[in-house]
Amino acid sequence: MPAQLLDGKQISEQQIQAIRSRVEQRLAEGRRAPALAVVLIGDDPASAVYVRNKKLACERAGIRSVSFEYPASFSEAALIELVQQLNQDPEIDGILVQLPLPDHIDPELIIETINPHKDVDGFHPYNFGRLALKMPLLRPCTPFGAMTLLQHTGVDPAGLDAVVIGASNIVGRPMALELLMARATVTVCHSKTRQLADKVRSADIVVAGVGRPNFVQGDWIKPGAIVIDIGINRLPNGRLCGDVDFEAARQVAGWITPVPGGAGPMTISTLMHNTLEAHLALYP
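Residues numbered from 1 in each chain as written. Predicted model: local features only at pLDDT ≥ 70, side-chain atom pairs only at ≥ 80, totals over all residues. Heavy atoms only, no water.

The name given to the chain in an unreviewed UniProt entry is Bifunctional protein FolD, with the source organism recorded as Chitinimonas lacunae. If you open the UniProt record of the chain and go to Subunit (unreviewed entry), you find "Homodimer." Taken verbatim from the UniProt record of the chain, the Sequence similarities (unreviewed entry) comment is "Belongs to the tetrahydrofolate dehydrogenase/cyclohydrolase family." (UniProt positions renumbered as here; feature names shortened; annotations may be inferred.)

Laid out in structure tokens, this is it:
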């Protein structure tokens with residue numbers, strides 16, 4: 001029997017509508033809407049699409065979006081100055097600097113410049129550290145969104161074996177911390193991992209985030225496993241696919257996310273959630 005689909009579009013829209021209801025309630029009480037500053041440097045087409053989708057999500061959630069768009073020649077010093085101004089702006093609750101940045105700008109320096117209480121991406125070392133200590137505040141959006149998907153299966157991760165494929169700071173590492181906090185037993189796999197397929201075959205939960213199309217094969221999946229595919233890759237024919245061979249894995253798994261329409265929408269709706277949470281922390 002084919003796996004059940006984890007419909008990220010539907011779940012994310014439910015989350016956005018719940019956020020909108022909370023925002024509207026605050027507006028009715030005479031308070032202002034949360035505000036998200038979105039900074040885009042350069043003309044990377046994928047980044048422009050992501051920023052546009054985030055702005056549209058803000059509209060649906062009732063969150064005010066404030067755009068700052070500059071050419072690729074924008075200097076690192078000027079970006080630091082902009083971020084510091086946004087840190088001090090009482091009308092801005094969240095700051096998102098779209099990655100990747102041009103080569104002459106150090107992304108780690110920019111992330112560390114953001115006030116951690118406005119770091120709605122959840123990338124600041126302060127927020128990362130709090131997640132590691134099981135004291136989360138603003139959590140990295142993609143892993144947190146993946147945990148929301150996991151909740152919708154009705155399966156408790158506690159005691160289950162989870163394999164995370166990929167160890168990036170954006171997905172793999174915080175995903176492992178999220179699963180540990182949920183009391184799963186976690187193995188993080190990366191480019192130097194030996195016998196990867198065997199490790200995946202033992203997993204009740206598989207999270208793939210390596211950026212390689214159809215990398216995880218269907219016969220790697222344990223029957224009934226939950227498969228969350230974070231990857232999004234464009235094939236030569238223009239089609240999008242994930243890091244998991246979806247059609248093959250679907251015949252074995254218990255639950256699986258489609259690509260597109262799985263983890264991607266959840267990342268954006270989680271960003272809206274973080275923006276509201278940042279606002280409520282600043283203005284209870």
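This is not the end of the story, as more comes after the structure.
K.L.:
What's the story with the packing of helix H2 (residues 45-61) against helix H10 (residues 263-282) in this structure? I'm lost.
P.N.:
For any two helices packed against each other, the geometry comes down to the angle between their axes and how far apart the axes lie. Running from N to C, H2 and H10 cross one another at 55°; their axes reach a closest spacing of 10 Å. By the angle between their axes, H2 is oblique relative to H10. Handedness of the H2/H10 crossing: right-handed. Contact residues: H2 offers Asn 53, Lys 54, Ala 57, Cys 58 and Ala 61, while H10 offers Ile 268, Leu 271 and Met 272. Within the contact of H2 with H10, the residues separate by chemical class into six nonpolar, one polar and one charged. (Axes fitted to C-alpha atoms, helices over the stretch in contact; angles between N-to-C directions. Helix = DSSP H or I, 4+ residues; strand = E, 2+ residues; numbered from the N terminus. Parallel < 35°, antiparallel > 145°, perpendicular 65-115°, else oblique. Left-handed = near helix turned anticlockwise from the far one by under 90°. Contact = heavy atoms within 4.5 Å. Nonpolar A, V, L, I, M, F, W, Y, C, P; charged D, E, K, R; others polar.)

K.L.:
Before we go on, may I ask you to explain the sheet that holds strand E4 (residues 94-97) in this structure?
P.N.:
Where strands meet in a sheet, backbone hydrogen bonds hold them as pairs that are either parallel or antiparallel. Ordered in space as E3-E2-E4, the three strands form an open sheet in which the pairing is parallel. In this open sheet, the two strands that pair with only one neighbour each are strand E3 (64-70) and E4. Averaged over all pairs of adjacent strands, the angle between their axes in this sheet comes to 15°, without regard to strand direction. (Pairing = 2+ DSSP bridges.)

K.L.:
What is the right way to look at the sheet that holds strand E8 (residues 226-229) in this model?
P.N.:
Spatial ordering of the open sheet is given by E1-E11-E8-E7-E5-E6, a layout of six strands whose pairing is parallel. Bordering the open sheet on either side are strand E1 (4-5) and strand E6 (185-189), each of which pairs with just one other strand. Bridging between E1 and strand E11 (residues 255-256) involves two bridges; their strand directions are parallel. Across the sheet, residue Gln 4 finds its bridge partner in E11, namely Trp 255.

K.L.:
Honestly, the UniProt feature "domain: Tetrahydrofolate dehydrogenase/cyclohydrolase catalytic" (unreviewed entry) in the chain in this entry has me stumped. Any pointers?
P.N.:
UniProt's entry tags residues 6-121 with the feature "domain: Tetrahydrofolate dehydrogenase/cyclohydrolase catalytic" (unreviewed entry), counted in the numbering of this structure. The span residues 6-121 shows a helical share of 50% and a strand share of 16%, and its end C-alpha atoms are spaced 23 Å apart.

K.L.:
Whenever I open this one, the pattern of salt bridges confuses me. Can you help?
P.N.:
Between side chains of opposite charge, a pair can form when the charged atoms approach closely. Per the counting criterion, the structure on display carries ten salt bridges. The shortest N-O distance in the salt bridge between Glu 91 and Arg 32 comes to 3.6 Å. Note that Glu 91 is positioned in the loop between helix H3 (76-88) and E4 and Arg 32 in the loop between helix H1 (8-28) and strand E2 (35-41), a separation of 59 residues in sequence. On the accessibility criterion, Arg 32 (22% relative accessible area) is partly exposed. By sharing partners, the salt bridges in this structure join Arg 32, Glu 91 and Asp 93 into a single network. (Salt bridge = Lys/Arg side-chain N within 4 Å of Asp/Glu carboxyl O. Buried < 20%, exposed > 50% of the residue type's maximum accessible area, 1.4 Å probe, protein only.)

K.L.:
Before we go on, may I ask you to explain the UniProt feature "binding site: NADP(+)" (unreviewed entry) in the chain in this structure?
P.N.:
Here the UniProt feature "binding site: NADP(+)" (unreviewed entry) sits at Gly 166, Ala 167, Ser 168 and Ile 232. Along the chain, Gly 166 turns up in the loop between strand E5 (161-165) and helix H7 (172-181). Given the relative accessible area of 8%, Gly 166 is considered buried. Sequence-distant contacts of Gly 166, that is, excluding residues within four places in its chain, are made with Gly 172, Val 188, Cys 189, Gly 209 and Val 210. Take Ala 167: it is sitting in the loop between E5 and H7. On the basis of relative accessible area, Ala 167 is assigned to the partly exposed category, the value being 25%. If sequence neighbours within four positions are ignored, Ala 167 has contacts with Gly 172, Arg 173, Val 188, Cys 189 and His 190.

K.L.:
When you look at the nonpolar core in this model, what are you seeing that I'm missing?
P.N.:
One broad rule of soluble globular proteins: the nonpolar side chains tend to lie buried together. Formed by 22 residues in total, the largest nonpolar core has its most connected members in Ile 19, Leu 36, Ala 61, Ile 63, Leu 271 and Met 272. Residues Leu 6, Ile 205, Ile 226 and Ile 228 belong to the second largest nonpolar core, which totals 21 residues. (Core = buried A, V, L, I, M, F, W, Y, C linked by side-chain atoms within 4.5 Å.)

K.L.:
Would you mind going over a nonpolar patch on the surface with me for this structure?
P.N.:
On the surface, Val 49, Tyr 50 and Ile 232 cluster together into a nonpolar patch covering about 250 Å² of accessible area. Along the chain, the position of Val 49 falls in helix H2. (Patch = residues over 30% accessible without salt bridge, like charges linked within 9 Å, V, L, I, M, F, W, Y side chains within 5 Å. Areas by Shrake-Rupley, 256 points an atom, 1.4 Å probe, with all protein chains shown as cover.)

K.L.:
Can you walk me through the side chain of Lys 54 in this structure?
P.N.:
Looking at where Lys 54 falls in the secondary structure, it is placed in helix H2. Buried within the structure, Lys 54 lacks any salt-bridge partner; Asp 121 is the closest side chain of opposite charge, at an N-O distance of 5.2 Å. Setting aside its immediate chain neighbours within four residues, Lys 54 contacts Leu 96, Gln 98, Ile 268, Leu 271 and Met 272. (Lys, Arg positive; Asp, Glu negative; His and termini not counted.)

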